[in-house]
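Listed below are the residues making up each chain.
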Amino acid sequence: MVVRMTESPFGQVSWGKALRIGGAGAAVAVFLCVVGIVPVFHERPLITGIISLGQTALLLSALGTGYAAARATAQGGPLALLAAASAGSIAGVALTALVLIGSAVDLRAVFLHASPQLYEILTFGQGLTGSWIPIALGALLGAVGGLVSNVRVDLRRPLTTALFALLLAGLFAGILRAAMLTTPLADLARLLFASVGLTVIGAIATVVLFAGGRELLYYTNLRQRVQEMPPAQRRVVTWPAILVAAVVILVLPQALGSFVAQVIAVVALYVLMGLGLNITLGLAGLLDLGFVAFFAVGAYTVGLLTSTAEFGIAQWPFWAAIPFAVIFAMLFGAILGLPILGVRGDYLAIATLGFGEIIRLLAGSDLLKIWLGGPRGIINIPKPIDVPPDHFLAGPNQIYYIALACAVVIAFVAWRLRGSRLGRAWLSIREDEDVAQALGVNLVQTKLLAYMLGAAFAGLGGGIFASLVGSIFASSIQLFVSINVVAIVIVGGMGSIPGAVLGAVFLIGVPELFREFTEYRFLFYGAALILMMRYRPEGILPTKFAAREVHLESGELGADTVVAAPAESG
Amino acid sequence: MKTSWLERLTDLAIAGFLWAFRIAVVLIVLIGSALTLASGKYPPETWLNLAVQGLTLGMIYSLIALGYTMVYGILRLINFAHGEIFMAGAFGGYFVATALAGLGFLNQSPVTSLVSILLMLAGAMAVSVTLALLVERIAYRPLRNAPRLVPLISAIGASFFLQYTFRGLFGPGIYAYPSVDILQVAVPVDVLRMRWVDVLVIATAFAMMGGLYLFVQRTKIGTAIRAVSEDKATAALMGIDVNRAIVTTFAVGAAMAGAAGVMYGLMFRQIFFFSGFVPGIKAFTAAVLGGIGNVPGAMLGGIFLGEVESVGPTLFLDGLNVPSPNQLKDVIAFTMLVLVLIFRPSGILGERITTRA
């Protein structure tokens, strides 16, 4: 590929590349607008009165465009800034064009979100006279992005930290405020947080606290120092840290109010199921898209055995029913898994997807209605522990603790299995089935065990879910359950236990807490899966093992790029 | 490694279970069919009706399945987002159709109706092809040499991304396809019990598949595609532009899916952002049924699946006194997939063995 460069005393710029990146940035910006992310998220302020989340999305896309343009086109210097600014302004031009076209023709006949409100946001309420604003802002932000890519790394690090901290703090401001208002910290809460979003003071405090804190950590070199300590001394530091984390996790639902408690109970449930799928997908490499099938088996087992209403058959307590939920789910895993585990991996994905659909359709069908209630479902499923409503274990809280305890057990099981003979057999299958078989691994049986274990934990999750909600309907059995779990495992990092926790918090917790996210949840999942596979296939918090693997591979890739590089710049 | 007796016993139990499963399915099908036919509840016209429906539906599946099968043949990738490409085509056709209906052109005369349908096809294919090329460029091309699971997950991501992009763009509501009046008229040959829309779907599908066959077999780029799916490295050494062959494959598959989208819209008259998902999985089933990577197989698999889905619930289940068997037509379709994977993983016409790469 021949890229023309402009020679100048300041350095070299390839304008073609800058143009292309500007074009990509323009596409992203227009996409954010017409798909509705900008107008919908505009309703949630990040810093009250200053900037909304929707504007932040556009701002980040312009910054990113400038950053990428400056990165890709030049070694630095003023020309790089110019390239970044022009790339940013291209994105701005696209938005201006959107406003102008949208004002002339009614785009809403086709695109739902191309409404006058969107144009108001883009022109800051100035109407057509303000249509130059996106271009100017795009150029400015592009230049800022270019500047960021040019500054030294020890300046860029606090900047990115501050940005992330702002985003997170802005999102959770309302919840933090509600939690703090009942404590002696109420005045501080009012100072820092508005009812949604941060106040200006809160924003400044966040930036100072987090950017400063990270720099402090960096310059004191704390992590490395802890790692270099002798084991006895290290224990003195790490154990209290773990203890504090444990206490925070335990008091979380008590401190944050009943709505948040419900959400984090669901998050804990998904942590549990994510850890379960981590065995199937992360260790054995079986992509199971039919997780919901076993979730359904577990949920209906608990429902049937414990319900005190119409379809209940035994009125057992939860604790007697849950082992059966696990066993039945496992049996179903065996029955469904056996026919298809002989075939190769990608067929398995589709076949399990089919299973999920089969179970969903059966649960809602007239065939099983006399037993499972069909769309009317099974109601009056009791909670595991019967307590008065103001007890600290009331409602979703006990489910949170139960799910958490189960998650710890599963994490322990997964951790111990990993190094076992079986775990090593799984890893070998994941890497190469043929070689594994040649080395004497019984493919079907080994895969079956992984599949059944995953199914067992899905059943456990389903049983706990039934008890959390107190009812189970055919409409609760949705494909999305499977997709949620798969996304958690992949985004967090296949095989990684902290990864599953992080994945569940962000992929389940955030959309459950914020209405705006609910609508775009699967859009984000889709984008996250594509981006993860492209840039970080090992996940956000990978296991050491997976990270090393990827680094080995990228080492080879690096050699390729070196060979290819002269052709690129020629 | 020595095999322990426990392992052997388990293997035996597994084999036994699989045989029991096969026998059970065959028994259900045979006894169910026999009881249904013996009851004489349904006159021959009903069966003919169902068969015609099945054929039309099967043709739509075939058109979608071609995209799966061609991409799989060349990249060994299940293009999970293909169902969404189909749905995008249906939307493209919808907007062309509403524009034409607004102008009064759509139902002016039979000729304008036909021209409108051609325009809808063109619009749908344009949308589908553009989208498919974007997906290929962004989600698949950078991962071409990655382990198999990686592009598959990326494809699943692309599928959801497209679905919810369409939801964001057009909202969660159901869009009703404008009615093309002449298509709803029954064909004068009474025994066929068809409407013109069925004829249109079947004729279009045959024409497109014929065209595809000629394209793959006779043109230069078709030969290149076949060469690349045979062996990428050798094809590259022979001077074939592998990238171009792959991109063409995606484009051709997407064009078929776009046409299928219009056919689906004209037949079922309702589309929404999730419309592509289930037909997508079923079309994949059809592709596996026919033998994945095999073009005539996809067609055969599609028709077979369409017939089983249409005739199956009544034929197999009604005699067994299953209440409202039509609720279970998708169950039958997905069970077919599992059955193929057990009985004949290489599909009806396939030679490739699915257990190996």
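Residues numbered from 1 in each chain as written. Chains lettered and ligands numbered in written order. Predicted model: local features only at pLDDT ≥ 70, side-chain atom pairs only at ≥ 80, totals over all residues.

## Regarding the overall build of chain B
Here is step 1 of the chain: Along chain B, the regular secondary structure elements total 12 helices and 2 strands.
Here is step 2 of the chain: When the helices and strands of chain B are listed from N to C terminus, the series reads α-α-α-α-α-β-α-α-α-α-β-α-α-α.
Here is step 3 of the chain: In terms of overall dimensions, chain B is globule-like: its C-alpha atoms have a radius of gyration of 22 Å, near the 21 Å expected for 357 residues.
Here is step 4 of the chain: A principal-axis box enclosing the C-alpha atoms of chain B has dimensions of 75 × 65 × 40 Å.
Here is step 5 of the chain: With 357 residues in all, chain B has 50% of them scored as buried. (Helix = DSSP H or I, 4+ residues; strand = E, 2+ residues; numbered from the N terminus. Rg over C-alpha atoms; globule rule 2.2 N^0.38 Å. Buried ≥ 20, exposed ≤ 12 C-beta atoms within 10 Å, placed from the backbone.)

## A short note on the nonpolar core
Note that soluble globular proteins tend to have their nonpolar side chains buried in a common cluster.
Here is step 1 of the chain: If you look at the biggest cluster of nonpolar residues, it comprises 289 residues, and the most contacted ones within it are A268(A), L269(A), L272(A), A329(A), A403(A), L63(B) and A259(B).
Here is step 2 of the chain: With 17 residues, helix α12 (residues 257-283) of chain A is the largest single contributor of residues to this core.
Here is step 3 of the chain: Split by domain, the residues of this core number at least three in each of domain 1 (15-213) and domain 2 (261-479) of chain A.
Here is step 4 of the chain: In this structure, L63(B) is in contact with A205(B), M208(B), M256(B), A257(B), A259(B) and A260(B), ignoring residues within four places of it in sequence. (Core = buried A, V, L, I, M, F, W, Y, C linked by C-beta atoms within 7 Å. Domains from an automatic or database assignment. Contact = placed C-beta atoms within 7 Å.)

## Structural notes on unusual backbone geometry
Here is step 1 of the chain: The phi torsion at F124(A) lies on the positive side, around 55 degrees, for a residue other than glycine.
Here is step 2 of the chain: Of note, F124(A) is situated in the loop between α5 (116-123) and α6 (133-150).
Here is step 3 of the chain: Accessibility expressed as a C-beta count within 10 Å gives 12 for F124(A), which makes it exposed.
Here is step 4 of the chain: A positive phi is found at R269(B), a non-glycine position, where the angle reads about 65 degrees.
Here is step 5 of the chain: With respect to the helices and strands, the residue R269(B) is situated in the loop between α9 (242-268) and β2 (270-271).

## Considerations on helix α10 (residues 277-290) of chain B
Residues and elements named next belong to chain B.
Here is step 1 of the chain: Along its 14 residues, α10 runs 20 Å from first to last C-alpha, staying within 8% of the 20 Å computed at 1.5 Å per residue.
Here is step 2 of the chain: Across the 14 residues that make up α10, a large majority, 13, are buried.
Here is step 3 of the chain: One or two positions beyond α10, positive phi appears at G291, with a value near 105 degrees. (Expected span 1.5 Å × (residues − 1).)

## Overview of the domain arrangement of chain A
A common way to state how big an interface is: give the accessible area lost once the parts meet.
Here is step 1 of the chain: Taken domain by domain, chain A holds domain 1 (15-213) and domain 2 (261-479).
Here is step 2 of the chain: Relative to domain 2 of chain A, the C-alpha centre of domain 1 of chain A lies at a distance of 41 Å.

## A look at the interface of chain B and chain A
Here is step 1 of the chain: Every contact between the two is made by 50 residues of chain B and, on the other side, 47 residues of chain A.
Here is step 2 of the chain: Secondary-structure elements contributing two or more residues to the side of chain B that touches chain A are α1 (5-39), α4 (110-140), α5 (149-170), α10 and α12 (329-343) of chain B.
Here is step 3 of the chain: When residues in the side of chain B that touches chain A are grouped by element, the largest group, 16 residues, is from α5(B).

## Considering α12(A)
All names here are of chain A.
Here is step 1 of the chain: Taking 1.5 Å of rise per residue, the 27 residues of α12 would be expected to cover 39 Å, and the 37 Å separating its terminal C-alpha atoms lies within 8% of that figure.
Here is step 2 of the chain: Largest kink in α12: about 35 degrees, centred on L277.
Here is step 3 of the chain: In the segment just after α12, G285 is the residue with positive phi, at about 70 degrees. (Bend = angle between axes of the 7 residues up to and from the residue.)

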